[in-house]
Amino acid sequence: MAALQPVRGTHDLLPDDFRRHRAVSDAAAETALRYGYEQIATPIFEFSAVFNRTLGDTSDIVTKEMYSFDDRGGDNITLRPENTAGVCRAFMSNGLAQQAPVRHFYAGPMFRYERPQKGRLRQFHQFGIELIGAPQAQGDIEVIACGAAIMETLGLKDRVTLELNTLGDSASRDAYRAALVAYFQDHLAALSDESKDRLGRNPLRILDSKDEGDRRIVAGAPSFDEYLNTESQEFFAAVREGLETLGIAYALNPKLVRGLDYYCHTAFEFTTTELGAQAAVLAGGRYDGLMEMMGGPATPGVGWAAGIERLAMLADSPAPPPGIVAIVPLGEAAERRALQLAETLRRDGLRVDWAFSGAMKKRMKRADKVGATHAVILGDEELVRGVAQVKDMAQGGQSEVALDGLGPALKAAQAARATG
RNA sequence: GUGGCUGUAGCUCAGUUGGUUAGAGCGCUGGUUUGUGGCACCAGAGGUCGUGGGUUCAAAACCCAUCAGCCACCCCA
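Residues numbered from 1 in each chain as written. Chains lettered and ligands numbered in written order. Predicted model: local features only at pLDDT ≥ 70, side-chain atom pairs only at ≥ 80, totals over all residues. Heavy atoms only, no water.

Participant: Could you give an account of the layout of surface pockets, naming the residues involved and the relevant values?
Facilitator: Sizing a probe to match a water molecule and rolling it over the atoms shows the empty space that remains. Each pocket or cavity is described by its volume, and for the second largest pocket that value is around 380 Å³. Taken together, 21 residues form the lining of the second largest pocket, with Asn-165, Phe-224, Asp-225, Pro-254 and Lys-255 sitting closest to its centre. Elements with a minimum of two residues in the lining of the second largest pocket: strand 7 (161-166) and helix 9 (230-245). Each residue belonging to the lining of the second largest pocket can be placed in one class, and the counts come to 14 nonpolar, four polar and three charged. (1 Å grid on protein atoms, 1.4 Å probe; cavity = no way out; pocket = protein on both sides within 12 Å on 5 of 7 lines; lining within 4 Å. Points joined across faces, edges and corners; volume = space filled by probe spheres on them. Helix = DSSP H or I, 4+ residues; strand = E, 2+ residues; numbered from the N terminus. Nonpolar A, V, L, I, M, F, W, Y, C, P; charged D, E, K, R; others polar.)

Participant: I'd like a rundown of the sheet that holds strand 3 (residues 67-70), residues and numbers included.
Facilitator: With antiparallel pairing, three strands are arranged side by side in an open sheet as 2-4-3. Both outer strands of the open sheet, strand 2 (45-47) and strand 3, are each paired with one neighbouring strand and no more. Going across the sheet, the axis of each strand differs from the next one's by a mean of 30 degrees, ignoring polarity. Two elements, strand 2 and strand 4 (residues 76-79), share three bridges in a ladder whose sense is antiparallel. In the sheet register, Phe-45 faces strand 4, and the bridge partner there is Leu-79. Taken strand by strand, helix 2 (residues 48-55) contacts strand 2, strand 3 and strand 4, and its axis lies near 75 degrees from that of strand 2. (Pairing = 2+ DSSP bridges. Axes fitted to C-alpha atoms, helices over the stretch in contact; angles between N-to-C directions. Contact = heavy atoms within 4.5 Å.)

Participant: I'd like to hear about the domain arrangement of chain A, residue by residue, with values.
Facilitator: For chain A, the domain assignment lists domain 1 (15-169 + 229-314) and domain 2 (324-412). For domain 1 versus domain 2, the separation of C-alpha centres amounts to 48 Å. (Domains from an automatic or database assignment.)

Participant: Could you give an account of the protein's contact with RNA strand B, naming the residues involved and the relevant values?
Facilitator: Around RNA strand B there are 48 residues in total, and Arg-112, Arg-120, Arg-205, Ala-280 and Met-393 lie nearest to it. The protein-proximal atoms of RNA strand B, defined as those within 4 Å of the protein, are 54% sugar or phosphate. One nitrogen or oxygen atom from the side chain of Glu-114 is found 3.2 Å from a base oxygen belonging to RNA strand B. Take Ala-283: an N or O atom from its main chain is 3.0 Å from a sugar or linking oxygen of RNA strand B. For the surface near RNA strand B, the secondary structure elements donating two or more residues are helix 3 (60-65), strand 6 (123-132), helix 7 (193-201), strand 10 (280-286), strand 11 (301-307), helix 13 (360-369), helix 14 (380-385) and strand 15 (387-392). At seven residues, helix 13 tops the list of elements feeding residues into the surface near RNA strand B. (Near = heavy atom within 4 Å. Polar contact = N/O pair within 3.5 Å; in protein donor to acceptor, adjacent residues only side chain to side chain.)

Participant: Describe helix 4 (residues 84-93), naming the residues involved and giving the relevant values.
Facilitator: Along helix 4, seven of the 10 residues are buried, which leaves the element largely enclosed by surrounding structure. Taken together, the buried positions of helix 4 are Thr-84, Ala-85, Gly-86, Val-87, Cys-88, Ala-90 and Phe-91. Of the surrounding secondary structure, the elements contacted by the buried residues of helix 4 are strand 2, helix 2, strand 5 (102-111), strand 6 and helix 10 (290-293). Just beyond helix 4, the residue with positive phi is Gly-95, at close to 60 degrees. (Buried < 20%, exposed > 50% of the residue type's maximum accessible area, 1.4 Å probe, protein only.)

Participant: Talk me through the packing of helix 1 (residues 15-34) against helix 5 (residues 137-153); I want residue IDs and the actual numbers.
Facilitator: It is the contact of helix 1 with helix 5, at a shortest axis distance of 9 Å, that shows an interaxial angle of 140 degrees. As judged from the angle between their axes, helix 1 and helix 5 are oblique. The hand of the helix 1/helix 5 crossing is right-handed. Along the contact surface, helix 1 presents Ala-27, Ala-28, Thr-31 and Ala-32, while helix 5 presents Cys-146, Ala-149, Ile-150 and Thr-153. Looking at the contact of helix 1 with helix 5 residue by residue, the class counts come to six nonpolar, two polar and no charged. (Parallel < 35°, antiparallel > 145°, perpendicular 65-115°, else oblique. Left-handed = near helix turned anticlockwise from the far one by under 90°.)

Participant: Quick one: what's the story with the sheet that holds strand 13 (residues 351-353), residue by residue and with numbers?
Facilitator: Ordered in space as 13-12-14-15-16, the five strands form an open sheet in which the pairing is mixed. Of all the strands in the sheet, just strand 13 and strand 16 (398-402) have a single pairing partner and so form its edges. Geometrically, the sheet is characterised by an average inter-axis angle of 30 degrees between neighbouring strands, direction not taken into account. With five bridges connecting them, strand 12 (residues 324-329) and strand 14 (residues 374-378) associate as parallel partners. Residue pairing for strand 14: Pro-329 is matched across the bridge by Leu-378. Across the sheet, helix 12 (residues 332-347) touches strand 12, strand 13 and strand 14, and the angle it forms with strand 12 is around 165 degrees. Where helix 13 meets the sheet, its contacts fall on strand 12, strand 13, strand 14 and strand 15, and the angle it forms with strand 12 comes to roughly 175 degrees.

What follows is the structure, encoded as structure tokens:
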């Protein structure tokens, strides 16, 4: 293993990458704030039980993808593979039930030991929102609307589709699950090995199998509609009606299933066809049973998580930060003066770059390379007179400006340039 | 975890049926005289050919292993 290689499935975010990354999370945060959500941060690691209990002990995430280890005190710790469980844990730890309903959003790294692919990393970043303590369908609608608004802000509205399904309440789901298991048991021999395995862990997944043989069997499987009780049907109808009221287009996908055990009722996913197998770009649902699974009081919740890297790949590349200014001192005295000058300009709110060495030509070249709007040329002669030559890098023109008031002058010049 | 494709300078890639000092474009450095970038021209630096074995007189090219990326499955954001 090459020591200078990053760990498999991780990568560095260099300025260009990071700008994309930031553009996505900033846009999402700004939108979430407008929906009344506030940012929180939970620890990157939790006691393993937080995830074991909530994600279901048969899910792939828990059984083979968690980064778990014993710490020096002997506690079993896990690097968070997702953040909903952590947010719920925080909700209970901090007694936030008093303030319910509570609206939170988060952004940060998650860890899953998966086989890397484009848009699938071992350390990846999610942005997500959670609405806790709201059992009403309005909650589902709001949360989806917020997701849709973010897609729109990122310019992805026409490049993603919202897929929607209901998993019903736990009574409906248990009944359906039992019926499905019974049905598939009868056809066990014809099922693919993978689906045989799924039968024990997550039978709903078989419905979405890509295996030819499975599909034939699935065609005759009982349909969820027959098992959805009135309450669940009404709830789903309310969600759909709300989305229609808001003009949010969606496609019903009865095969849309959640991988994690805590979901019920609404399940949704914004998907794209532009990222290969990694189609889901923002996905979530309702998780009314989660808090109880964790040993707390029954508390309803809805939320979603979005893959920041995936969105960053789809969204337009943001422009680099504008308006940097380059200082070009000539000679030792000027060099010393430049130190102060740079500081002053920075306090005036300008972005300042300067090469620490090199002849004028080299420094001018650098000024050009970093995209400076202006070069502030400071030589011995200017120094005595308390002025600098300010060169407009785009126009090529140059004028003399007094060092006092250089900051405001540069800002004015940049502003004029930006508008003109 | 399963199957497949790929791996040559900082980047994108070329490298004929294994055969002398491994190439290009971009980028980088320096120069085209003195305190002025972009353009052009000239010159230059930079490569353990992913890594480790093996076959061969000879391997970047063939074989094996390993690591990494990518694709599909799987899983999911």
